[in-house]
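Fold and contact review
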Amino acid sequence: MRILGISCYYHDAAAAFIQDGELIAAAEEERFSRKKHDSEFPRLAIQFCLDQAGITSRDLDYVVFYEKPLLKFERILLTSLQTFPRSFNQFRRAMSRWLGSRLWLKSQIQDLLDVDSARILFSEHHLSHAASAFFSSPYSESAILTLDGVGEWASTTLGVGRASWDGKGKNEIRSFCEQRFPHSLGLMYSAFTAFLGFEVNEGEYKVMGMAPYGTPRYADKVWKVIQPAGRGSFRLNMDYFSFHYSSRRSFSSRFERLFGKPRNPDIPFVLTRGEGQVWQDALDGEGRHYADVAASVQLVTEEVILGLARELHARTGLDRLCIAGGIGYNSVANGRVLRETPFRHIFIQPAAGDSGGALGAALYAYHVLLQKPRRFVMEHAYWGKSFDGASIRDAVQRRGFQPKTFSDERALVQEAARRLTEGQVVGWYQGRAEWGPRALGNRSILADPRAARMKEVVNRKIKFREPFRPFAPSILDRGIRDVIEHPPDRPLDPARFMLMVSPIRPNMRARIPAVTHVDGTGRAQMVEKKANPLYYELIRAFEDRTGVPAVLNTSFNLKGEPIVNSPDDALSTFSRSDMDVVVMGEEMICKSTSGGLA
Amino acid sequence: MKWARRLSNRFSVVGELFYFLWRQRLWWLIPMVAVLLLFGLILIFAQTSPLAPFIYTLF
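None of the values given here were measured: they were computed from a predicted structure.

1. Some remarks on the overall build of chain A
Helix and strand content of chain A: 20 helices and 24 strands. When the backbone C-alpha atoms are referred to their principal axes, chain A occupies close to 65 × 60 × 45 Å. Here chain A holds 598 residues, and 62% of them are scored as buried. Taking the intrachain contacts of chain A between residues at least 6 apart in sequence as the baseline, contacts between residues at least 24 apart amount to 71%. When the accessible surface of chain A is totalled, it reaches about 21,400 Å², and 47% of it is carbon and sulfur. Here chain A carries 79 positive and 69 negative side-chain charges, and the mean point of each set is 3 Å from the other.

2. Some words on the sheet that holds strand β17 (residues 443–447) of chain A
All names here are of chain A. As summarised here, the arrangement of the eight strands in space is β15-β24-β23-β16-β17-β22-β18-β21, forming an open sheet in which the pairing is mixed. Edge positions in the open sheet fall to β15 (404–405) and β21 (525–527), since each of these has one partner strand only. The pairing of β15 with strand β24 (residues 587–590) spans two bridges and is classified as antiparallel. Directly across from Thr405, in β24, lies its bridge partner Glu587. Strand contacts of helix α20 (residues 567–575): β16 (426–429), β23 (581–584) and β24, with the helix running at about 170 degrees to β23, the strand carrying the most contacts.

3. Brief notes about the domain arrangement of chain A
Residues and elements named next belong to chain A. Domain assignment breaks chain A into domain 1 (2–136 + 349–369), domain 2 (185–346) and domain 3 (389–593). Each of domain 2 and domain 3 has a C-alpha centre, and the two are 28 Å apart. Each partner contributes to the interface: domain 2 provides 24 residues, whereas domain 3 provides 25 residues. The junction of domain 2 with domain 3 conceals about 2,300 Å² of combined surface from both sides, 60% of it contributed by carbon and sulfur atoms. If you sort the residues of domain 2 by the area they bury against domain 3, Leu338, Arg339 and Arg344 come out on top, with a joint share of 24%. Our enumeration of links across domain 2 and domain 3 arrives at one salt bridge. The salt bridge partner of Asp489 is Arg344, with a shortest N-O separation of 3.2 Å. Counting across the domain 2 and domain 3 interface gives ten residue pairs in polar contact (both at pLDDT 80 or more). Sorting the residues of the side of domain 2 that touches domain 3 by element identifies α8 (204–210), α12 (331–340) and β14 (345–347) as the ones contributing at least two each. The element that contributes the greatest number of residues to the side of domain 2 that touches domain 3 is α12, accounting for six residues. Looking at the side of domain 2 that touches domain 3, its residues break down into 13 nonpolar, seven polar and four charged.

4. Considering the state of the cysteines
By definition, a disulfide is the covalent link that joins the sulfur atoms of two cysteine residues. Residues and elements named next belong to chain A. The tally for this structure, following the rule as stated, stands at zero disulfides over all chains. Just so you know, Cys8 is unpaired, no disulfide at all, and the nearest cysteine sulfur is the one on Cys49, 13 Å from it. The exposure class assigned to Cys8 is buried, which follows from its relative accessible area of 1%. Cysteine Cys322 is unpaired, with the sulfur of Cys177 as its nearest cysteine sulfur at 18 Å.

5. Section: the pairing of strand β4 (residues 62–65) of chain A
All names here are of chain A. Neither face of β4 is left uncovered, since the one carrying Tyr62 and Val64 and the one carrying Val63 and Phe65 both have all their residues buried. Bridge count between strand β1 (residues 2–7) and β4: four bridges; the pairing is parallel. Note on β4: the bridge partner recorded for Ile3 is Tyr62. Of the strand pairs in this sheet, β4 and strand β5 (residues 120–122) are connected by three bridges, and their pairing is parallel.

6. Considering the interface of chain A and chain B
Taken together, the 17 residues of chain A in the interface contact 20 residues of chain B. Applying the counting criterion to the chain A and chain B interface returns one salt bridge. The shortest N-O distance in the salt bridge between Glu16(B) and Lys106(A) comes to 3.7 Å. Here chain A and chain B share one residue pair in polar contact (both at pLDDT 80 or more) between them. Looking at the side of chain A that touches chain B, the elements that each hand over two or more residues are α3 (69–82), α4 (88–100) and α5 (105–112) of chain A. Considered class by class, the residues forming the side of chain A that touches chain B number eleven nonpolar, three polar and three charged.

7. Topic: the packing of aromatic side chains
Residue and element names in this part refer to chain A. Counting across every chain of the model gives 23 aromatic pairs over all chains. With a centroid separation of 5.1 Å and an interplanar angle of 35 degrees, the aromatic rings of Phe251 and Phe255 are classed as tilted. Among the aromatic residues, those joined into a cluster by ring pairs are Phe181, Phe192, Phe195, Phe241, Phe243, Phe251, Phe255, Phe259 and Tyr290. Positioned above the aromatic ring of Tyr240 is the side chain of Arg254, whose terminal nitrogen or guanidinium carbon lies 4.7 Å from the ring centre. The side chain of Lys591 reaches across the aromatic face of Phe574, ending 4.3 Å from its centre.

Calculation criteria
- Residues numbered from 1 in each chain as written.
- Chains lettered and ligands numbered in written order.
- Predicted model: local features only at pLDDT ≥ 70, side-chain atom pairs only at ≥ 80, totals over all residues.
- Heavy atoms only, no water.
- Helix = DSSP H or I, 4+ residues; strand = E, 2+ residues; numbered from the N terminus.
- Buried < 20%, exposed > 50% of the residue type's maximum accessible area, 1.4 Å probe, protein only.
- Contact = heavy atoms within 4.5 Å.
- Areas by Shrake-Rupley, 256 points an atom, 1.4 Å probe, with all protein chains shown as cover.
- Lys, Arg positive; Asp, Glu negative; His and termini not counted.
- Charge placed at Lys NZ, Arg CZ, Asp CG, Glu CD.
- Pairing = 2+ DSSP bridges.
- Axes fitted to C-alpha atoms, helices over the stretch in contact; angles between N-to-C directions.
- Domains from an automatic or database assignment.
- Buried area = accessible area lost by both parts, 1.4 Å probe.
- Salt bridge = Lys/Arg side-chain N within 4 Å of Asp/Glu carboxyl O.
- Polar contact = N/O pair within 3.5 Å; in protein donor to acceptor, adjacent residues only side chain to side chain.
- Nonpolar A, V, L, I, M, F, W, Y, C, P; charged D, E, K, R; others polar.
- Disulfide = S-S within 2.5 Å.
- Phe/Tyr/Trp six-rings, centres within 6.5 Å; stacked < 30°, edge-to-face > 60°.
- Lys NZ or Arg CZ within 6 Å of the ring centre and 35° of its normal.

Here you go:
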C-alpha cells in the first residue's frame, strides 16, 4: 500500500510517502525550491518522494491532502461576512487565491500525478496533525494535544488516540474538545510576533529567544487579551486583534494602547554585553520594554498550554501525550509540560507544524480510514534527500575547492573534533537531510560550546542573524542528564528532536556558555548512537579531547535561507560565510586550503 | 484530453461545493458563491484571452 501525503498553501509545503505504513521519505518544498517557508504546491518534494521510493505516480494507491479545502473555504466566507466591510480587502485577496488555485486542488494533483480522482482523499487539518504525532510515536494509546494558528475551524484540539500493532484492535483518533477560530493561541502568539517587529510564521522563535531577556511584568495585560474560559480553555478578546478581518495587521489600535507602539523592525533589538557578564539595555529602556512584552506573552502561552495539558490528563487519565501543531515548536512550553504535568512520556515529531500535516494525512488514511495495523515508530528525523560521494566530489570540483579525502571515518571525526577544539566553525553535511526545521547533525554548523565568544561569532559572522538569538547543544545521550536538569523518572524523548528547553545544570553553565541562554537554559538535542552513529562519534571525539560531551549545533543556512539540501547549497553557504571548514561525506574543505573560492 | 479532465474536475468541485453548503445549511451563501465563481471565470478568461484589454476597460 503506497500513500503520498501532501500539505501546502499556508506555509511550509511538504510531501511525505509511506509504504505499508512505514515512512520512506518526507521533505519540505523549501529545501528544493530554495524559498524559505515555501507554501506553493510541493512539486519538487513530491518528485523527491517518488524518486526515493523508486516508483512513479501510477504506483500510488492514494494521495491524501492534509486538510479539507471546502471547510476552510466556508470559514473564510463566513468570517469575511461577519466582519464586512472591514474584511473587504482580505476577502478580495482570499477569493483571488481560492478561485485561482486552492479550490481546484484535485485538478492540480491530477495535473502532476497520474492518479484517479477517487484515490485522492482529504483529511482534516487537526486530525492530520494528531496523526502525524500519534502514528509516529511508540504508544498504543495516548492523549493528543494539537495547537496551532488555525486549520479549517479548529485552532486547538484535545483528544485521544488508540492503535493496535497486531491488527486486532480498532485504530482511532478521537477529538473530544476543540477551540475554534478566531480563538487561537497560535494566532495570538503571531500577533505579538508582529508587534515585536518580527515576521509572522518565521519570527515566533525569535520571540521565544527574546523572552528570557525580559521579565513578565505585562502578564496581567496579556491575560486581558486572552481570557481563561474554564477547564483549560480560553477565549481571545477580539477587540485587541484584527487578524480576523485584515491580512496586513494582526492587532488593533486598542492592543497598541495596552502595550505601546509596535517595535520598529528596522531598529535591531540589541542588548550589549558589558563587563562581568551583565546584559545591558542599549536602547534606553525601549529594548527592555519589548523584551518584557516577549517574556509576558511567553509566560502566558506556557500557562495556557499547561492548563490544557492538565485538563487533558484529567479527562483521559493517560500518562502519555502526543503534541502536534505549530505551537509544538514552543520548546520552552514543551519542557514545562514534561516537568510540571502528570504526563510522564511526551512525543512530538520533528515536523510538528503544517509540513508535518503531509505525514499525518498519509498515516491517518493508512491506519484509520483503511484500518491497517501499526508498523512504524519515528526513531530519527533523517527522511530527506541524500547525495552520494560522487555528487559531492563533483560539486566540490566544479566550484574549484581542493578537498582532503578521509576514507577512514574515525580519522575524519578526530580531525573535525580537533578543529572544533581550536575554535574553528565546522559545517557538517552528511547523509539524508532532516525532516522538520531543526538541523540534527546532518545539515548542521558546529562549534565549540565552551567558548562564550562562539555565540557571537556564529550569529554575526557565520549566519548574519540577530546577536540575541541562542544556540543549542547536541549532547550524547549517556551524558545529557549531567548537563541538563530533568526529573529522573521522565524520559527525554522530545530532546531527540531538539524540541524541549531545560535548565542547564549550574555547574555546567560556565563550562558551556555558548549554548547556555541568558536565563541558564538550553534547547538540548539528545544524540543517540543508533539514530546518527557518525555524529555521535564526532561528539565523543570532542568529549575525549575536552571532557564536554556536547557541541554547539545550529542549522546549516544563512539568515533568511532554507537549510541547505544539496552539496551545491552547502558549498554556496560555506563560501558566503566565515565558516572555517566544511565536512561533506568523506571530504573536508578548509577555507585556507580551498584555493579559489566560488 | 487533459483539459477535458480538468474541466470535468472543476465542475465536480463546484457541485461538491454547492452540495457542501446545502448540507451545512448555508444555502443562503450559494448565490454569493455562484457570483464569485462567475467573476472568477471572467477573470481567468480575461487573463488568457486576446479580448483582455477590452474586458479590462469594461470594468
